[in-house]
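Descriptive structure summary
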Amino acid sequence: MYSEHQLVKKCLLRIEEILEWGPSDEWHNDMFVELSEHIQQQTKVLLSPVTLKRVWGRIDYKSAPSITTLNTLAQFSGFENWRDFKGKTSTKKTSRLSKMIGANLGVIMLSASVMTVIFISFFSLKGPTDDATQIDISKVVFESRPIVKGLPNSVVFNLDLAGIKSDSIHIQQYWDPTKTIELSPNQKQATGQYYFPGYFRAKLLVDGNVIKQHDLFIKTEGWLGTLDYRPIPKYIESNTIYNGKLSFPSNIVAEIAGIEEPFSSTFHMVKDFEPISGDNFELQSTIQNTYRDKWAVCQKAYIIVLGTKGAMVVSFSIPGCASDLYVMMNDTYLNGKETDLSGFGIDLTQAKDIKLRVKNKQLNVSAGDRQLFSGSYNESIGRIAGIRYRFLGAGEVSQSILSDLNRETVIDFLEESTLAE
């Protein structure tokens with residue numbers, strides 16, 4: 001514990017209250033990526049998802065946060081800087097009892113250790129006892145089905161919690177705590193709400209332990225456009241955004257232009273593809289920014305590949321904003337503050353051909369004939385389940401072709417036949 005640990009915890013709790021994303025111990029990696037983006041948009045300082053995980057205690061790290069990190073977190077939580085936060089936030093003074101405990105902590109810990117050994121020895125001599133909480137997992141039913149096609153979508157979970165006596169039973173979509181559902185032991189059904197498409201993993205937890213899980217696929221019907229309001233986006237259907245290419249109509253671009261804070265829009269394609277490995281594929285895209293005023297001056301764009309076990313995110317901007325970029329290759333994250341990602345700095349005022357090629361977990365990104373980036377990762381992404389194109393502001397996609405490097409499978413996502421499926 002560093003000296004200001006309790007103050008930092010107060011600051012983090014304040015941020016959690018502002019975000020309303022649920023308990024931070026249930027946040028998944030994508031949520032830390034999103035928080036990193038929110039903090040950067042508001043404070044103009046990039047704190048990487050890795051840094052945020054360290055501060056929130058999700059990565060074992062003994063050092064205190066840097067003053068830059070503390071100032072940025074304080075600003076995001078509504079204060080001028082860390083000094084301002086400290087001056088306006090009280091912490092309880094150490095009581096006399098606390099001081100006595102601290103002074104004798106060694107003796108207390110030794111006594112506790114001795115008592116633990118005694119209790120363990122006593123119960124081991126007694127032998128096994130009747131464990132009323134023992135669960136026969138084979139008798140537990142945990143299944144789900146989406147109610148409709150498309151978005152938004154509700155999912156019905158069918159349950160048989162036979163033999164479970166706990167008062168702590170939950171369904172958890174681990175990457176989104178807002179979809180955590182509390183259950184009673186005799187409950188037979190529950191429902192969850194989904195506003196974005198994706199490939200999710202539903203988990204049944206008893207006393208915090210996962211006893212069953214299964215994959216849950218929320219698909220789009222062809223391409224889906226979203227204006228990424230939170231928590232509920234605005235949906236723009238395929239027949240409105242597709243006319244030989246993906247683009248938003250003028251009234252939607254005008255709506256984006258009227259928003260005062262940095263704002264993103266996204267094109268989604270999430271569906272059952274022919275099996276294509278997320279570790280051996282090529283994605284050819286042609287993208288362009290169409291809104292670059294006010295907060296969108298950096299022309300940021302993102303190509304996102306969704307897998308059944310992870311995801312890949314590649315970001316682009318004008319060269320002058322390259323410090324704010326990042327690339328995520330499932331378990332590997334690099335940001336422009338700590339890594340030279342200037343290759344991703346390209347002018348997207350004109351359409352650019354971008355190629356993502358992954359061979360045996362080695363990613364190469366190029367624009368035309370120019371190599372932009374090369375890097376590798378360790379954990380498999382699984383098979384590809386979806387593609388997203390996200391723009392700060394708005395953009396267009398005039399080519400999206402996915403190829404399997406192991407076979408001769410090629411999918412053109414902008415063909416009429418593909419859209420009609």
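In this text the structure is predicted, and so the values were computed from the model without any measurement. (Residues numbered from 1 in each chain as written. Predicted model: local features only at pLDDT ≥ 70, side-chain atom pairs only at ≥ 80, totals over all residues. Heavy atoms only, no water.)

**Things to note about the packing of aromatic side chains**
Keep this limit in mind: When the centres of two rings from Phe, Tyr and Trp lie within 6.5 Å, Trp using its six-membered ring, the rings pair. Their planes under 30 degrees apart give stacked, over 60 give edge-to-face, and anything left gives tilted. The helix count covers DSSP runs of H or I at least four residues long, the strand count covers runs of E at least two residues long, and both are numbered beginning at the N terminus. Residue burial is assigned from relative accessible area. The probe radius is 1.4 Å, only protein chains are included, and a residue is buried under 20% of its type maximum, exposed over 50%, and partly exposed in between.
Per the stated rule, a full pass over the model turns up 20 aromatic pairs. Note on Tyr199 and Phe217: the rings are 4.9 Å apart at their centroids and 65° apart in plane angle, and the pair reads as edge-to-face. Taken together, the residues Tyr199 in strand 6 (residues 198-206) and Phe217 in strand 7 (residues 209-218) connect sequence positions 18 residues apart. Between Phe273 and Phe413 the ring centres are 5.3 Å apart and the planes differ by 50°, which places this aromatic pair in the tilted class. A residue pair is termed long-range when its members are at least 10 positions apart, and Phe273 in the loop between strand 10 (264-270) and strand 11 (280-289) and Phe413 in the loop between strand 21 (410-412) and helix 10 (416-420) qualify at 140 residues. Accessibility expressed as a relative area gives 9% for Phe273, which makes it buried. Overall, Phe413 belongs to the buried group, its relative accessible area being 0%. An aromatic cluster is defined as three or more aromatic residues linked by ring pairs; in this entry it consists of Trp21, Trp27, Phe32 and Trp56.

**Side note on the sheet that holds strand 21**
What counts is decided by this rule: Two strands qualify as a pair provided that DSSP identifies no fewer than 2 bridges between them. Here an axis means a line fitted to C-alpha atoms, over the contact stretch when the element is a helix, while the angle between two N-to-C directions is reported on a 0 to 180 degree scale.
Overall, antiparallel pairing links the 6 strands, which are arranged 18-17-16-11-20-21 in an open sheet. A single partner strand is all that each edge strand has here, and the edge strands are strand 18 (370-376) and strand 21. On average, each strand axis in the sheet is inclined to that of its neighbour by 15°, with strand direction left out of account. Summarising the sheet, strand 11 and strand 16 (residues 352-359) pair through 8 bridges and their orientation is antiparallel. Considered in strand 16, the bridge of Leu283 is made with Leu356.

**Considering the nonpolar core**
Under the convention used in this document: What makes a nonpolar core is a set of buried Ala, Val, Leu, Ile, Met, Phe, Trp, Tyr and Cys residues whose side-chain atoms join them at distances within 4.5 Å. The criterion used for residue contact is that any of the two residues' heavy atoms lie within 4.5 Å.
Among the nonpolar cores identified, the biggest contains 56 residues, and Ile287, Phe316, Phe344, Leu363, Val365 and Tyr389 are the most heavily contacted of them. Phe344 has contacts with Val314, Ser315, Phe316, Ser317, Leu325, Val327, Val365, Leu372 and Phe373, leaving out every residue within four places of it along the chain.

**Quick word on the state of the cysteines**
To be explicit about the condition: When two cysteine sulfur atoms lie within 2.5 Å, the pair is treated as a disulfide.
Tallied over the full model, the rule gives 1 disulfide. Here Cys298 engages in a disulfide with Cys321; their sulfurs sit 1.9 Å apart. Since a negative S-S torsion denotes a left-handed disulfide, the Cys298-Cys321 link at about -65° is left-handed. Taken as a pair, Cys298 in the loop between strand 11 and strand 12 (301-307) and Cys321 in the loop between strand 13 (311-316) and strand 14 (326-329) lie far apart in primary sequence, 23 residues in all. The pair formed by Cys298 and Cys321 is uniform in burial state, with each residue classed as buried.

**Quick word on the packing of helix 1 (residues 5-19) against helix 4 (residues 67-76)**
Axes are the key here: two packed helices are described by the angle between their axes and the distance separating the axes. The condition is simple: Note that the term roughly parallel is reserved for angles under 35 degrees, roughly antiparallel for angles over 145, roughly perpendicular for angles of 65 to 115, and oblique for everything else. By definition, any crossing whose near helix is turned counterclockwise from its far helix by less than a right angle is left-handed, and any crossing with a clockwise turn is right-handed.
Taken N-terminus to C-terminus, the directions of helix 1 and helix 4 make an angle of 40°; their axes are 9 Å apart at the nearest point. Between helix 1 and helix 4, the angle is such that the two are oblique. The crossing of helix 1 and helix 4 is left-handed. Contact residues: Val8, Cys11, Leu12, Ile15, Ile18 and Leu19 in helix 1; Leu70, Leu73, Ala74 and Phe76 in helix 4.

**Thoughts on the environment of Glu415**
The topology assignment puts Glu415 in the loop between strand 21 and helix 10. Glu415 sits 15 residues away from Ser400 along the chain, and the two C-alpha atoms are 9.3 Å apart.

**Remarks on the pairing of strand 12**
For strand 12, the buried fraction is high: 7 of the 7 residues fall into the buried class. Burial along strand 12 is two-sided: the residues Ala301, Ile303, Val305 and Gly307 and Tyr302, Ile304 and Leu306 are all buried. Pairing analysis gives 6 bridges linking strand 12 to strand 13, with the strands arranged antiparallel. The partner of Val305 across the bridge, within strand 13, is Met312.

**What to know about the pattern of salt bridges**
How we decide: By definition, a salt bridge exists where a carboxyl oxygen of Asp or Glu is found within 4 Å of a side-chain nitrogen of Lys or Arg.
As enumerated under the stated definition, the model contains 12 salt bridges in all. Arg230 is the salt-bridge partner of Glu34, the closest N and O atoms lying 3.3 Å from each other. Taken as a pair, Glu34 in helix 2 (residues 29-43) and Arg230 in the loop between strand 8 (224-227) and strand 9 (234-236) lie far apart in primary sequence, 196 residues in all. In this structure Glu34 comes out as buried when scored by relative accessible area, which is 17%.

**Looking at helix 2**
We count it as follows: Under the convention used throughout, the expected extent of a helix is 1.5 Å for every residue step, that is, one less than its residue count.
Counted at 1.5 Å a residue, the expected span for helix 2 with its 15 residues is 21 Å, and the 21 Å between its end C-alpha atoms agrees. Listing the buried residues of helix 2 in full gives Met31, Phe32, Val33, Glu34, Leu35, Ser36, Glu37, Ile39, Gln40 and Thr43. Contact partners of the buried residues in helix 2: helix 1, helix 3 (49-55), helix 4, strand 12, strand 14 and strand 15 (332-335). Just downstream of helix 2 lies Lys44, where phi reads positive at about 65°.

**Structural notes on the sheet that holds strand 19 (residues 384-392)**
Overall, antiparallel pairing links the 8 strands, which are arranged 9-8-10-19-12-13-14-15 in an open sheet. Only two strands of the sheet have a single partner each, and these edge strands are strand 9 and strand 15. Adjacent strand axes in the sheet meet at a mean angle of 15° when their direction is disregarded. Pairing of strand 8 with strand 10 involves 4 bridges; the strand directions are antiparallel. Note that in strand 10 the partner of Leu224 across the bridge is His268.

**Structural notes on unusual backbone geometry**
In this model, Leu151 is joined to Pro152 through a cis peptide bond whose omega is -10°. With respect to the helices and strands, the residue Pro152 is situated in the loop between strand 1 (141-146) and strand 2 (153-160). The omega torsion across Arg230 and Pro231 is 5°, close enough to zero to call that bond cis. Following the sequence through the fold, Pro231 ends up in the loop between strand 8 and strand 9. With a phi angle near 45°, Lys294 is a residue other than glycine that sits in the positive phi range. Tracing the chain through its elements places Lys294 in the loop between strand 11 and strand 12.

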